Amino acid sequence: MEMNTLNNNNNHHHQSDSSSPPQRKRVMNPVDPEEFRKQGHMIIDFLADYYTKVSNFPVRSQVEPNYLRKHLPDSAPLVPEPIESILEDVQEHIIPGITHWMSPNYYAYFPSSGSVAGFMGEMLSSGLNVVGFNWISSPAATELETIVMDWLGEVLKLPQQFLYKRSNNNGGGVLLGTTCEAVLCTLVAARDKKLSQIGRDNIGKLVVYGSDQTHSSFGKAAQIAGIQNVRAIKTKRSNSFALKADSLLSTIHSDVKNGLIPIYLCATVGTTATTSIDPLMELCDVAKEYEIWVHVDAAYAGSACICPEFRSCIDGIEGANSFSFNAHKWFLTNLACCCLWVKDHNALTKSLSTNPEFLRNKASESKQVIDYKDWQITLSRKFNALKLWLVLRSYGVENLRNFLRSHVNMAMTFEGLVKLDKRFEIVVPRKFSLVCFRVSPSTIARSNYYYYYHDNNNNKNNYDDNYHNGHGYGKLVNDDYLVNELNRKLLESINNSGKVYMTHGEVEGAFMIRFAIGATLTEEHHVIMAWKLIQEHADSLLLGSS
């Protein structure tokens, strides 16, 4: 009896357990206002300290490949870690693996200039965390973007057809991530516009044009768009490596004769290697005759065109169909922010629009609003207009112009220093804040480096007599490999020092060092220090001690 009672009690207990609700675990609050405030202050302090000492770090990271795996766990943590510990790891393990684009001693590629306003705009955008793919998803995101792009277009003195409010809503601007996206979007628009006339089965006949100085994103965009015929028209030193209109015309004539159909030209204002400027007016005249879409890529130099003295660089823009520049390069707007203007946004939307049921709404169907999702490749988009808005309002156009001019003036100073040292030569004329230079062939011919190089490469006997008799110099002047090799070693020696960072370019087979001024914190004394460092490393190489 007792046993039965016990069993019954146990059964009752088990039944009671199975019917009771499971105990709930406490769920974290990822946006706790006080924790946000605390960690936000810590991050701001961390970055402020970073900016004060960034010039002390090796500009180009000195780590070896796969260094980070040695310092981090093999798997993600199961339990939370305090922000203090995370920031310690950032300082100890991440900072050494960064190439410091914000360093005043950064002169590589083109700049990625950040600012307080740009950072605060990025922080506002991230904090609000809106996804502004269409107007209804965040009306302010769309409308601010339209307004700010009209503002900036007016500052650049773009033709009214590019401005939304001035073009009867036919033109307008959009903020993308990078120029790579701008080229792809406009190329796809040009492709589809032509294929709608000749039939999609003729895509293999389409041909697009640039120069051998056009950015590599052009070829990549053509590849993505399924266009096989890409012309990289040769440029020449005698024309400062700009694309000549007659070269374009002769190439088009040849293609048309062979049954191909020209559709797109990517002209450049401020090429990557040398900042050469394609003559827009003449090129647009040629393109117009063949109904070719002209896109103007001014990724780097477009910022400078807000200055009246540089506005002539985009003379002829009225003949183009689209124009873009990267505000994150030289306009104090933190990465990523590309400004694209088009004369006819319908050409974009016809190619890039999607209208699934879940996005349908009365505002979009009224055709009274812009849905920027249809001006770009992706659906989702950040509230990037906040960054540009804060930059324009916080600094004002005149201060932005003076900021750009200061870098151009520093480049002029650096160019003057190079010219004073007869061992060096300017490879191409400076136009903005990029100086392209190298140790001259004649200097190398008179240096110990020449003798040591041939000695160490078992060529001494071939050159020894001519060298000592003074007859070997002329031969060396034409020895492109040796000239390039010394300049390559000079660049690598300087970069390995960690004190400055520069990159290279090549034109007509000549290796040159690019000194691109544009980092936010760079001042003239940094430029002068960099030049002294270059001279020291050149001394070492030319004397044959390296």
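Residues numbered from 1 in each chain as written. Predicted model: local features only at pLDDT ≥ 70, side-chain atom pairs only at ≥ 80, totals over all residues. Heavy atoms only, no water.

### Focus: the overall build of the chain
Along its length, the chain carries 19 helices and twelve strands. A burial count over the chain gives 49% of its 546 residues as buried. Residue pairs at least 24 apart in sequence account for 74% of intrachain contacts in the chain once pairs closer than 6 positions are excluded. If you sum the accessible surface of the chain, you get close to 27,400 Å²; carbon and sulfur atoms cover 52% of it. (Helix = DSSP H or I, 4+ residues; strand = E, 2+ residues; numbered from the N terminus. Buried < 20%, exposed > 50% of the residue type's maximum accessible area, 1.4 Å probe, protein only. Contact = heavy atoms within 4.5 Å. Areas by Shrake-Rupley, 256 points an atom, 1.4 Å probe, with all protein chains shown as cover.)

### Section: the packing of aromatic side chains
Two numbers describe a pair of aromatic rings. These are the distance of the centres and the angle of the planes. For the coordinates displayed, the defined rule picks out 22 aromatic pairs. With 6.2 Å between their ring centres and 15° between their planes, Phe-218 and Tyr-264 make a pair best called stacked. Taken together, the positions of Phe-218 in helix α7 (residues 216-224) and Tyr-264 in strand β5 (residues 261-268) put the pair 46 residues apart, joining distant regions of the chain. Taking the relative accessible area as the measure of exposure, Tyr-264 reaches 0% and is therefore buried. Ring geometry for Phe-414 against Phe-437: centres 5.5 Å apart, planes inclined by 65°, an arrangement best described as edge-to-face. With Phe-414 in helix α13 (residues 385-420) and Phe-437 in strand β10 (residues 434-439), this residue pair connects regions lying 23 residues apart in the sequence. Summarising the burial analysis for this pair, Phe-414 and Phe-437 share the class buried. Put simply, the rings of Tyr-107, Phe-414, Phe-424, Phe-437, Phe-515 and Trp-531 pair up and form one aromatic cluster. Over the aromatic face of Phe-110 sits the side chain of Arg-514, whose NZ or CZ is 4.9 Å from the ring centroid. (Phe/Tyr/Trp six-rings, centres within 6.5 Å; stacked < 30°, edge-to-face > 60°. Lys NZ or Arg CZ within 6 Å of the ring centre and 35° of its normal.)

### What about the side chain of Asp-192?
Inspection of the secondary structure puts Asp-192 in helix α6 (residues 179-198). Overall, Asp-192 belongs to the buried group, its relative accessible area being 15%. Not counting residues up to four positions away in its chain, the partners in contact with Asp-192 are Arg-200 and Ser-351.

### As for the pattern of salt bridges
Tallying each qualifying case throughout the model produces 26 salt bridges. Here Arg-405 ties to Glu-309 by a salt bridge, and the two come within 2.7 Å at their closest N and O atoms. In this pair, Arg-405 sits in helix α13 while Glu-309 sits in the loop between β6 (293-297) and β7 (322-326), placing the two residues 96 residues apart along the sequence. Arg-405 is the salt-bridge partner of Glu-398, the closest N and O atoms lying 3.4 Å from each other. Accessibility expressed as a relative area gives 44% for Glu-398, which makes it partly exposed. Overall, the relative accessible area of 22% leaves Arg-405 in the partly exposed class. (Salt bridge = Lys/Arg side-chain N within 4 Å of Asp/Glu carboxyl O.)

### Here's the deal with the UniProt feature "modified residue: N6-(pyridoxal phosphate)lysine" (unreviewed entry) in the chain
On the UniProt side, "modified residue: N6-(pyridoxal phosphate)lysine" (unreviewed entry) is annotated at positions that read Lys-329 here. By the secondary structure assignment, Lys-329 is in helix α10 (residues 327-330). The residues touching Lys-329, leaving out its near neighbours within four places in the chain, are Phe-110, Pro-111, Ser-112, Ser-113, Ala-299 and Tyr-300. (UniProt positions renumbered as here; feature names shortened; annotations may be inferred.)

### A look at the pairing of strand β11 (residues 501-507)
Residues in a regular strand project their side chains so that they alternate between the two faces of the sheet. Counting buried residues in β11 gives five out of seven residues, a clear majority hidden from the surface. One ladder, built from two bridges, connects strand β1 (residues 106-107) with β11; its direction is parallel. Considered in β11, the bridge of Tyr-106 is made with Tyr-501. Relative to strand β12 (residues 510-516), β11 is paired through five bridges, and the arrangement is antiparallel. Across the sheet, residue Val-507 finds its bridge partner in β12, namely Ala-510. Where β11 folds back on β12, the antiparallel hairpin that results is connected by two residues, among which Glu-508 adopts a positive phi of roughly 50°. (Pairing = 2+ DSSP bridges.)

### Concerning the sheet that holds strand β4 (residues 229-233)
Sheet strands line up and pair through hydrogen bonds in the backbone, either parallel or antiparallel. Strand order in the open sheet formed by seven strands is β2-β8-β7-β6-β5-β3-β4, and the pairing between neighbours is mixed. Among the strands making up the open sheet, the edge pair consists of β2 (172-176) and β4. Strand-to-strand twist in this sheet, taken as the mean axis angle between neighbours without regard to direction, amounts to 20°. One ladder, built from four bridges, connects strand β3 (residues 206-211) with β5; its direction is parallel. From the neighbouring strand, Val-208 faces β5, where its bridge partner is Tyr-264. Docked against the sheet, α7 engages β3, β4 and β5, running at close to 170° with respect to β3. (Axes fitted to C-alpha atoms, helices over the stretch in contact; angles between N-to-C directions.)

### Notes on unusual backbone geometry
Here Leu-335 and Ala-336 are connected by a cis peptide whose omega angle stands at 5°. The residue Ala-336 is located in the loop between α10 and β8 (338-342) in this model. Within the chain, Lys-367 stands out as a residue other than glycine whose phi angle is a positive 65°. Looking at the element boundaries, Lys-367 is found in the loop between α12 (362-365) and α13. We classify Lys-367 as exposed; its relative accessible area is 69%.

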